[in-house]
Amino acid sequence: MSVPKAPKPCKLVFGLLFREDDGKIAALRSLTDLFGPLDAVTRPQDFAFTRFYEKEMGPGIRRLFGSFDTLVDPGLLPDIKARTNRLEQDTACDGRRTVNVDPGLLCEERLVLATGKNAGHRIYLRNGIYADLTLLYRDGAYRPLPWTYPDYAQDETRRFFRLLRGILIARRSGRIPRRPDPMEDCES
């Protein structure tokens, strides 16, 4: 019989789509206000994997990934997604998003994104939010799955998440001091 126990805290990560540098800067400031300091951010890259977001955000979209210094309880993923949805609404212009924030949890075994869209591989959590299993850690690397978004499946992106995995393991072992958790007072 399995005995339920509390999950280990995970690394809060995000993907950010944006067009304008002002939007990127405002979103990063808002994210740090919500979730604490960042410990890693990738360089922005052109986002050419789909034109889906151009309808709302316009052409010339860029993507970056980042992570926060503080580890979080994985049970807070729906609350985190609600906060990033509000951030997107608060930074919208004429009802159109200027940024798209995809929060997720990086664990030693996997990367899970939060989404409001159902699909066969997604597990319902609560409050309209699903967990999207995006990458699995196997044989020394995060591996894409058949449904993994192409930007998350890229080698460079997966290497970034592998680097974050090392930080996660070091933080859990106490080799990197832990800062106070800004999500402790997160309301459901």
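This text gives an overview of the structure that appears in the document. If you're wondering where the values come from, they're calculated on a predicted model, not measured in any experiment. (Residues numbered from 1 in each chain as written. Predicted model: local features only at pLDDT ≥ 70, side-chain atom pairs only at ≥ 80, totals over all residues. Heavy atoms only, no water.)

Details of unusual backbone geometry
Here Asp 94, not a glycine, exhibits a phi torsion of approximately 55 degrees, which is positive. By the element assignment, Asp 94 lies in the loop between helix 3 (77–90) and strand 5 (99–106). We classify Asp 94 as exposed; its relative accessible area is 76%. (Helix = DSSP H or I, 4+ residues; strand = E, 2+ residues; numbered from the N terminus. Buried < 20%, exposed > 50% of the residue type's maximum accessible area, 1.4 Å probe, protein only.)

Some remarks on the environment of Gly 60
For Gly 60, the position within the fold is in the loop between helix 2 (54–57) and strand 4 (62–72). Along the backbone, Gly 60 and Ala 48 are twelve residues apart, and their C-alpha atoms lie at a distance of 8.7 Å. Look past the residues within four positions of Gly 60 in its chain and what remains in contact with it is Phe 18 and Arg 19. (Contact = heavy atoms within 4.5 Å.)

Description of the pattern of salt bridges
Counted under the stated rule, the structure contains 15 salt bridges. A salt bridge links Arg 122 to Asp 132; the nearest nitrogen and oxygen atoms lie 3.0 Å apart. With Arg 122 in strand 7 (residues 122–126) and Asp 132 in strand 8 (residues 129–138), this pair connects stretches of sequence that are ten residues apart. A relative accessible area of 12% places Arg 122 in the buried class. For Asp 132, a relative accessible area of 3% gives the class buried. Overlapping salt bridges, with partners in common, bring together Glu 56, Glu 88 and Arg 97 in one network. (Salt bridge = Lys/Arg side-chain N within 4 Å of Asp/Glu carboxyl O.)

Regarding the pairing of strand 9 (residues 141–144)
Along any regular strand, the residues point their side chains to alternate faces of the sheet. Both strand 8 and strand 9 contribute to a ladder of four bridges, which runs antiparallel. For Tyr 137, the partnering residue across the bridge sits in strand 9 and is Tyr 142. Connecting strand 8 to the antiparallel partner strand 9 that follows it, the hairpin turn spans two residues, and Asp 139 within it adopts a positive phi of roughly 55 degrees. (Pairing = 2+ DSSP bridges.)

Section: the nonpolar core
In terms of nonpolar packing, the biggest core is built from 24 residues, with Leu 12, Phe 14, Leu 16, Leu 31, Val 99 and Val 101 touching the most fellow members. Those elements that place two or more of their residues in this core are strand 1 (10–18), helix 1 (21–35), strand 4, helix 3, strand 5, strand 6 (110–115) and strand 8. Top contributing element to this core by residue count: strand 1, with five residues. Contacts of Phe 14, omitting those with residues within four sequence positions, involve Leu 28, Leu 31, Leu 38, Leu 64, Phe 65, Gly 66, Ser 67, Phe 68, Val 101, Asp 102 and Pro 103. Phe 65, Leu 106, Leu 111 and Phe 160 belong to the second largest nonpolar core, which has 13 residues in total. (Core = buried A, V, L, I, M, F, W, Y, C linked by side-chain atoms within 4.5 Å.)

Details of the packing of aromatic side chains
Overall, the coordinates contain twelve aromatic pairs when judged by the stated rule. Summarising the aromatic geometry, the rings of Tyr 124 and Tyr 130 are spaced 5.1 Å apart at their centres and angled 75 degrees between planes, so their arrangement reads as edge-to-face. Given a relative accessible area of 45%, Tyr 124 falls into the partly exposed group. Since its relative accessible area comes to 15%, Tyr 130 is described here as buried. Between Tyr 152 and Phe 161 the ring centres are 6.2 Å apart and the planes differ by 5 degrees, which places this aromatic pair in the stacked class. (Phe/Tyr/Trp six-rings, centres within 6.5 Å; stacked < 30°, edge-to-face > 60°.)

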